[in-house]
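# What the coordinates show
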Amino acid sequence: MFADDVRDGLTKPGQKTLPCEYFYDAVGSALFEAITVLPEYGLTRADARLIRRLAPELEREFRSSVSVVELGSGSGTKTRWILESLRGRDPVQYYPIDVSASALAHCAQELSALAQVFPVEGSYLSGLHRIACQRPSGKPLLVLFLGSTIGNFDRAAAGSFLCDVRQMLRPGDALLVGADLVKAVPDMLLAYDDPAGVTAAFNLNLLARINRELEADFKLRNFVHEARYDDRERRIEMHLRSKVDQRICVRGAGFACEFERDETIWTESCHKFHAEEICEMGSDAGFTCAAQWIDEQWPFAESLLIA
Ligand code: AVJ
């Protein structure tokens, strides 16, 4: 629940945090779309290049006798190539899972000409559980987890997430995972702190959302966006740093919190991987790494894990 998560994150001792899933209100989703076209942010274009390349190979692997489930209903652009390549005699059944009804509606509109779209509103695992239990078509499932969203989990959580997904699948089902790879630190930092300030706006919008929806009095000018790279954890961290000592009231959640000068709110972790690491995590979770595609221009990997 938004109010509870905000209260917990801003009143707990030590490092203040806010869950990154709350970036994606209407303003945040629009800012994220802008991030994906930034010259400094190569992830989305790398992912798209790989999907275009691997889609025909998926057709050979599954020959249109598969139902497609997507964790998170992105903009549909990348998914389109996969659905097109899998479209055989009968239309592919496609199950996008997302907490956002508006994102699902947009996705269904985008892709209903290509597939039978069955939107599933809910968290990734509860949505997948519902589909895997019903198994509407009796066909194997191809689960898509694109765009390096897996990077938001810390490594242990990413491992157990893959285990949870594996538990719900049957032998022969598949999981296609997109993961951003470790690269030169300046390139990774620029991707999360672009000179135009789009990512800064995306991050600060989280405070604006709390003001809008929870009647808070954050003064955004008293905070500054910051991207850091933790070499040991191989992750980018996004923070909002308080420029002054200040007290914030969040009336809609019934609490107030103090910020000291230079204290931060940690708003997102974006873990970066080594290509072989995804295969190892997959096999630890009970998958076989059947294929992996790596982009030349921007180190990013798509890995096909078979249950
Ligand atoms: C959507 C989670 C893959 O981690 O790169 C982009 C989100 N955050 N810029 C990422 C994001 C800041 C993005 N993911």
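Below is a summary of the structure that appears in this document. Since the structure is predicted, the reported quantities are computational estimates derived from the model, not experimental observations.

### Details of the overall build of the protein chain
Secondary structure assignment for the protein chain yields 10 helices and 14 strands. For 307 residues, the compact-globule estimate of 2.2 N^0.38 gives 19 Å, and the protein chain sits close to it at 20 Å. C-alpha atoms of the protein chain, sized along the principal axes, occupy 65 × 40 × 35 Å. For the protein chain, long-range pairs separated by at least 24 residues make up 71% of all intrachain contacts whose partners lie at least 6 apart in sequence. With an accessible surface of roughly 13,400 Å², the protein chain has 52% of that area assigned to carbon and sulfur atoms. For the protein chain, the distance from the average site of its 34 positive side-chain charges to the average site of its 45 negative ones is 3 Å.

### Section: the site of the ligand
In the vicinity of the ligand, 13 residues are found, and the nearest of them are Tyr-41, Gly-147, Asn-152, Tyr-192 and Glu-268. One of the side-chain N or O atoms of Tyr-41 is found 2.6 Å from an oxygen atom in the ligand. With the chains in place, 95% of the 350 Å² that the ligand exposes on its own is no longer accessible. Sorting the residues of the shell around the ligand by element identifies α2 (26-35) and β12 (264-271) as the ones contributing at least two each. For the shell around the ligand, the class distribution of residues is nine nonpolar, three polar and one charged.

### So, the packing of aromatic side chains
Within the structure shown, the criterion is met by 16 aromatic pairs. Ring geometry for Phe-23 and Tyr-24: centres 6.3 Å apart, planes at 90°, overall edge-to-face. Note on Tyr-24: relative accessible area 35%, which makes it partly exposed. Ring geometry for Phe-32 versus Tyr-41: centroids 6.5 Å apart, planes at 80°, classification edge-to-face. Here the aromatic cluster, defined as three or more aromatic residues joined through ring pairs, consists of Phe-23, Tyr-24, Phe-32, Tyr-41, Tyr-192 and Phe-202.

### Observations regarding the state of the cysteines
The full count for this structure, using the stated rule, is one disulfide. Two residues share a disulfide in this structure: Cys-279 and Cys-289, whose sulfurs sit 2.4 Å from each other. Of this pair, Cys-279 sits in helix α10 (residues 275-284) while Cys-289 sits in strand β13 (residues 288-294); the two residues are 10 residues apart in sequence, bridging distant segments of the chain. Of the residues examined, Cys-289 reaches a relative accessible area of 28% and is grouped as partly exposed.

### Points about the pattern of salt bridges
Throughout the structure, instances matching the rule amount to 20 salt bridges. Across the salt bridge formed by Arg-234 and Glu-277, the nearest N and O atoms sit 2.9 Å from each other. Of this pair, Arg-234 sits in the loop between β8 (223-230) and β9 (235-242) while Glu-277 sits in helix α10, and the two are 43 residues apart along the sequence. The same class applies to Arg-234 and to Glu-277, which are both buried. With its nearest N and O atoms 3.0 Å apart, the salt bridge here joins Arg-235 to Glu-237. Its relative accessible area of 12% is what places Arg-235 among the buried residues. Linked through salt bridges whose partners overlap, the residues forming this network are Glu-226, Arg-228, Asp-230, Arg-235, Glu-237, Arg-241 and Asp-262.

### Thoughts on the packing of helix α1 (residues 2-11) against helix α9 (residues 198-214)
At a minimum axis distance of 12 Å, the contact between α1 and α9 shows a crossing angle of 125°. As far as their axial angle goes, α9 and α1 are oblique. Taken as a pair, α1 and α9 cross one another with a handedness that is left-handed. Counted together, Phe-2, Ala-3 and Val-6 of α1 and Arg-209, Ile-210, Glu-213 and Leu-214 of α9 form the full contact between these two elements.

### So, the nonpolar core
Judged by nonpolar contacts, the single largest core of 71 residues is most densely connected at Leu-10, Val-68, Leu-142, Leu-176, Tyr-192, Ile-210 and Phe-218. The element best represented in this core is helix α3 (residues 43-62), accounting for nine residues. Residues Ile-150, Ile-278, Phe-287 and Ala-301 belong to the second largest nonpolar core, which totals 31 residues.

### Observations regarding α1
Looking at α1, one finds that the buried residues are Phe-2, Ala-3, Val-6, Gly-9 and Leu-10. Projected down its long axis, α1 carries its buried residues within an arc of 140°, all on one side. Turning to α1, the residues buried within the fold contact β1 (16-17), α9, β11 (255-259) and β12.

### A look at the environment of Thr-36
Considering the arrangement of structural elements, one finds Thr-36 in the loop between α2 and α3. Taking C-alpha positions, Thr-36 is 33 Å from Thr-11, a pair spaced 25 residues apart along the chain. In this structure Thr-36 touches Tyr-41, Thr-44 and Arg-45, once residues within four positions along its chain are discounted. Within the local environment of Thr-36, its side chain forms a polar contact with the backbone oxygen of Glu-33, the two atoms lying 2.5 Å apart.

Parameters and conventions
- Residues numbered from 1 in each chain as written.
- Predicted model: local features only at pLDDT ≥ 70, side-chain atom pairs only at ≥ 80, totals over all residues.
- Heavy atoms only, no water.
- Helix = DSSP H or I, 4+ residues; strand = E, 2+ residues; numbered from the N terminus.
- Rg over C-alpha atoms; globule rule 2.2 N^0.38 Å.
- Contact = heavy atoms within 4.5 Å.
- Areas by Shrake-Rupley, 256 points an atom, 1.4 Å probe, with all protein chains shown as cover.
- Lys, Arg positive; Asp, Glu negative; His and termini not counted.
- Charge placed at Lys NZ, Arg CZ, Asp CG, Glu CD.
- Near = heavy atom within 4 Å.
- Polar contact = N/O pair within 3.5 Å; in protein donor to acceptor, adjacent residues only side chain to side chain.
- Nonpolar A, V, L, I, M, F, W, Y, C, P; charged D, E, K, R; others polar.
- Phe/Tyr/Trp six-rings, centres within 6.5 Å; stacked < 30°, edge-to-face > 60°.
- Buried < 20%, exposed > 50% of the residue type's maximum accessible area, 1.4 Å probe, protein only.
- Disulfide = S-S within 2.5 Å.
- Salt bridge = Lys/Arg side-chain N within 4 Å of Asp/Glu carboxyl O.
- Axes fitted to C-alpha atoms, helices over the stretch in contact; angles between N-to-C directions.
- Parallel < 35°, antiparallel > 145°, perpendicular 65-115°, else oblique.
- Left-handed = near helix turned anticlockwise from the far one by under 90°.
- Core = buried A, V, L, I, M, F, W, Y, C linked by side-chain atoms within 4.5 Å.
- Arc of directions from axis to C-beta.

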